[in-house]
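Each chain is listed here by its residues.
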Amino acid sequence: MTAFIALAGMKGVGETLEGVMRSAKHPVGNFGRLTHFARSQVEDLVIGHKLEGLHPQLAREGRTLRA
């Protein structure tokens, strides 16, 4: 069950990275997608990941994991 939860949680990340890798094969035509991805990564490093839609009872744990 733990492996299933991990795989389900990583599905979106894998799909995003797959799209970036496909875009990297033709960087000139996909410049907008690549810059959007790069900007989001820099924001996550500098500002921190945004926690949206988090249940109030999980807010403290979410902030701990975000840091």
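Within every chain, residues take consecutive numbers counted from 1 along the sequence as written. Local features in this predicted model are restricted to residues of pLDDT 70 or higher, and side-chain atom pairs are both shown and tallied only at a pLDDT of 80 or more, whereas totals for entire chains, interfaces and linings draw on every residue. Here the side-chain values reflect all heavy atoms present in the structure, with hydrogen atoms and water set aside.

Attention now moves to the overall build of the chain. In DSSP terms, a helix is any run of H or I states spanning at least four residues, a strand is any run of E spanning at least two, and both are numbered starting from the N terminus. The helix and strand tally for the chain stands at three helices and zero strands. If you list the helices and strands of the chain from N to C, you get α-α-α. What the globule rule says is 2.2 Å times the number of residues to the power 0.38, and the radius of gyration is computed from C-alpha atoms. Its C-alpha atoms give the chain a radius of gyration of 15 Å, more than 25% over the compact-globule value 11 Å for 67 residues. With the C-alpha coordinates aligned to their principal axes, the bounding extent of the chain is approximately 45 × 30 × 15 Å. Each charge class in the chain can be summarised by its mean position, and for the 9 positive and 6 negative side chains these summaries are 2 Å apart. Charged residues are defined narrowly, with Lys and Arg counted positive, Asp and Glu counted negative, and His plus the chain ends left uncounted. For charged residues, the charge sits on one atom: NZ in Lys, CZ in Arg, CG in Asp, CD in Glu.

It is worth spelling out the pattern of salt bridges at this point. Salt-bridge detection follows one rule: a side-chain nitrogen of Lys or Arg within 4 Å of a carboxyl oxygen of Asp or Glu. Scanning the model with the defined rule gives two salt bridges in all. When the shortest N-O distance is used, the salt bridge between Glu 18 and Arg 22 registers 3.9 Å. With a gap of four residues between them, Glu 18 and Arg 22 both fall in helix H1 (residues 2-24), about one helical turn apart. The partly exposed category is assigned to Glu 18, whose relative accessible area is 46%. The partner of Glu 61 in a salt bridge is Arg 60, with the nearest N and O atoms 3.9 Å apart. For each residue, the accessible area found with a 1.4 Å probe, counting protein chains only, is set against the maximum for its type, and the residue is called buried under 20%, exposed over 50%, and partly exposed in between. Judged by its relative accessible area of 37%, Glu 61 is partly exposed. Taking relative accessible area as the criterion, Arg 60 reaches 61% and is therefore assigned exposed.

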